[in-house]
Amino acid sequence: MKKFHEIKLPYTTQCAIPAAVLLVTCLVILAFVILPDREMLLPPSVTDTDGHGGGNLSSCNIFKGEWVPDPGAPRYTTETCPVIHGHYDCMRYGRPDLGFVRWRWRPAGCELPRFDAARFLRAMRGKSMAFVGDSLARNQMHSLVCLLARAEQPAPAPRTNAFRFERHGFAVSLFWSPFLVRAVETDPDGPTRSGAGLWSLHLDEPDPGWAARAGEFDYVVVSAGSWFFRPSVFHVHGRVVGCNGCLAPNVTDLTLRYSLRMAFRTALRAAADALPGTGRRRSRSGRTVVVRTLSPSHYENGTWNEDADCARTRPLRRGEWEMNAVEKDMYAIQAEEFGAARRASKGARLLLLDATEAMALRPDAHPSKYRLWQPDRFNVSRDCLHWCLPGAMDACNDMLLHMLLRYRN
């Protein structure tokens, strides 16, 4: 059974205030905290990942809940956000139903506030954030930029995957690193000549493309998973220790579970322990590293690289979708390595954005065939891995904002 973070909320409201202000104070508290049968998350308070917290508090887990209709959607469109990548722009590429944008994530027993762009930018004034990972990291980063564009139009930084919000001094960057560690493609065709490639993964070396700059950022959001299915040879301390699907004689197939665990272990410690960049006054204790857990794919009625599709038009309820055994193991590995990295951290704060259950319930929210298709670069005709924008990925940034506000100081 999966364990999720808990969010602690006020259980009772005590009003022990001088009589002159008693009534006004209590009314304000009641207006914002107590709603009929539901509790508003004010202020946000994220507990330890083991789920144990003290005090006279009721708990609300923002990662456990259901998708409910959202008449206020969509929150943005291609016209209001200039950065939606063609792989995620389902409306532009002809998706006939728009029902997939008209849902919001509601945790069980509480309300997760809708993303407030102005509040986010005020809290992040003068700060910087990096997304590190694969195309799903880019998916979330573009979602965030689109949500923030409601308050201020982003300015793309020349020759980089970065955007600046000049009035607030906030910058967000993307570092493409699908394995998180140093990776070299040694054979584009791969051991079965399928075009999947064969990679050498140096599992004890963080990818220098992002690790060399990690110290420049106040927030680092890490996510990866799908590329670990690719055939690869594992290197530790400069020697081969095993592989995943390499079909090489005398090399033990340790499966992707080994590479995923080692890569997350290396990457999270590198992100947490990176020294501040030149000219930065803060220490490592001023950095927050966020791990977003995997979001399952939803290929049905076939195999992902042949005739499978994701043609559903509504979210699922809890219990209607079960991840396969490999995805369950990947999720567990990410959570375990997050916990180990947090215990080993030398000052950085680590947070787990456990979006797996929420995203598992959205088989309706993938692009399928309604996207920019580049067969020379991506020869699968149906995409049931990435997420349409606007859409379900926006809920991950609702969660992100809620978590960061708790720790902004």
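Residues numbered from 1 in each chain as written. Predicted model: local features only at pLDDT ≥ 70, side-chain atom pairs only at ≥ 80, totals over all residues. Heavy atoms only, no water.

Draft legend 1. Just the sheet that holds strand β10 (residues 162-165), in detail. A sheet is described by the order of its strands in space; here seven strands give the open sequence β9-β10-β11-β8-β14-β17-β18, paired in mixed fashion. For this open sheet the edge positions go to β9 (155-156) and β18 (349-353), each flanked by a neighbour on one side alone. Two strands pair when backbone bridges link them, and β10 and strand β11 (residues 170-176) are joined in this way by four bridges, in the antiparallel orientation. Bridge pairing links R164 to A171 in β11. Contacts between helix α6 (residues 325-344) and the sheet are confined to β17 (288-292) and β18, with β18 contributing the most and set at about 165° to the helix. Against the sheet, helix α8 (residues 393-406) touches β8 (128-133), β14 (219-223), β17 and β18, its axis set at about 145° to β18. (Pairing = 2+ DSSP bridges. Helix = DSSP H or I, 4+ residues; strand = E, 2+ residues; numbered from the N terminus. Contact = heavy atoms within 4.5 Å. Axes fitted to C-alpha atoms, helices over the stretch in contact; angles between N-to-C directions.)

Draft legend 2. The arrangement of the packing of aromatic side chains in detail. Taken as a whole, this structure holds eleven aromatic pairs when the rule is applied. A ring pair is formed by W176 and W227, whose centres lie 5.5 Å apart and whose planes are at 80°; its orientation type is edge-to-face. Of this pair, W176 sits in strand β11 while W227 sits in the loop between β14 and β15 (232-236), and the two are 51 residues apart along the sequence. Residue classification places W227 among the buried positions, given a relative accessible area of 15%. (Phe/Tyr/Trp six-rings, centres within 6.5 Å; stacked < 30°, edge-to-face > 60°. Buried < 20%, exposed > 50% of the residue type's maximum accessible area, 1.4 Å probe, protein only.)

Draft legend 3. View of the pattern of salt bridges. Summed over the entire model, instances satisfying the criterion amount to 20 salt bridges. With its nearest N and O atoms 2.8 Å apart, the salt bridge here joins E300 to R312. Residue E300 is located in the loop between β17 and α6, and its partner R312 is located in the loop between β17 and α6; the two are separated by twelve residues in the primary sequence. Look at E300 and you get buried, because its relative accessible area is 18%. Its relative accessible area of 34% is what places R312 among the partly exposed residues. In the salt-bridge network here, residues are joined through shared partners; they are R261, R265, E336 and E337. (Salt bridge = Lys/Arg side-chain N within 4 Å of Asp/Glu carboxyl O.)

Draft legend 4. Local environment of the packing of helix α3 (residues 135-148) against α8. With their axes 9 Å apart at the nearest point, α3 and α8 run at an angle of 70° to one another. The angle between the axes of α3 and α8 places the two elements in the roughly perpendicular class. Mapping the contact onto sequence places L136, N139, Q140, S143, L144 and L147 in α3 and M393, D394, C396, N397 and L400 in α8. (Parallel < 35°, antiparallel > 145°, perpendicular 65-115°, else oblique.)

Draft legend 5. Geometry of the environment of V132. Relative to the assigned elements, V132 resides in strand β8. The class for V132 is buried, based on a relative accessible area of 2%. With 79 residues separating them along the chain, V132 and A211 place their C-alpha atoms 9.5 Å apart. Beyond its immediate sequence surroundings of up to four residues, V132 is in contact with A137, F175, S177, L180, W210, V220, V221, V222 and S223.

Draft legend 6. Here's a closer look at the state of the cysteines. Going through the model one piece at a time under the given rule, you end up with five disulfides. There is a disulfide in this structure between C243 and C246, and the S-S distance comes to 2.1 Å. For the disulfide bridge between C243 and C246, the dihedral angle about the S-S bond is near -65°, and by the sign convention the bridge is left-handed. The same class applies to C243 as to C246, namely buried. (Disulfide = S-S within 2.5 Å.)

Draft legend 7. Quick peek at the packing of helix α5 (residues 255-273) against α6. Viewed as axis vectors pointing N to C, α5 and α6 meet at an angle of 30°, and their least axial separation amounts to 9 Å. On the basis of their axis angle, the class for α5 and α6 is roughly parallel. Here α5 and α6 pass one another in a crossing that is right-handed. In contact with L256, R257, L260, R261, F264, R265, L268 and R269 of α5, α6 contributes V326, D329, M330, I333, Q334, E336, E337, F338, A340, A341 and A344. Looking at side-chain class alone, the contact of α5 with α6 contains eleven nonpolar, one polar and seven charged residues. (Left-handed = near helix turned anticlockwise from the far one by under 90°. Nonpolar A, V, L, I, M, F, W, Y, C, P; charged D, E, K, R; others polar.)

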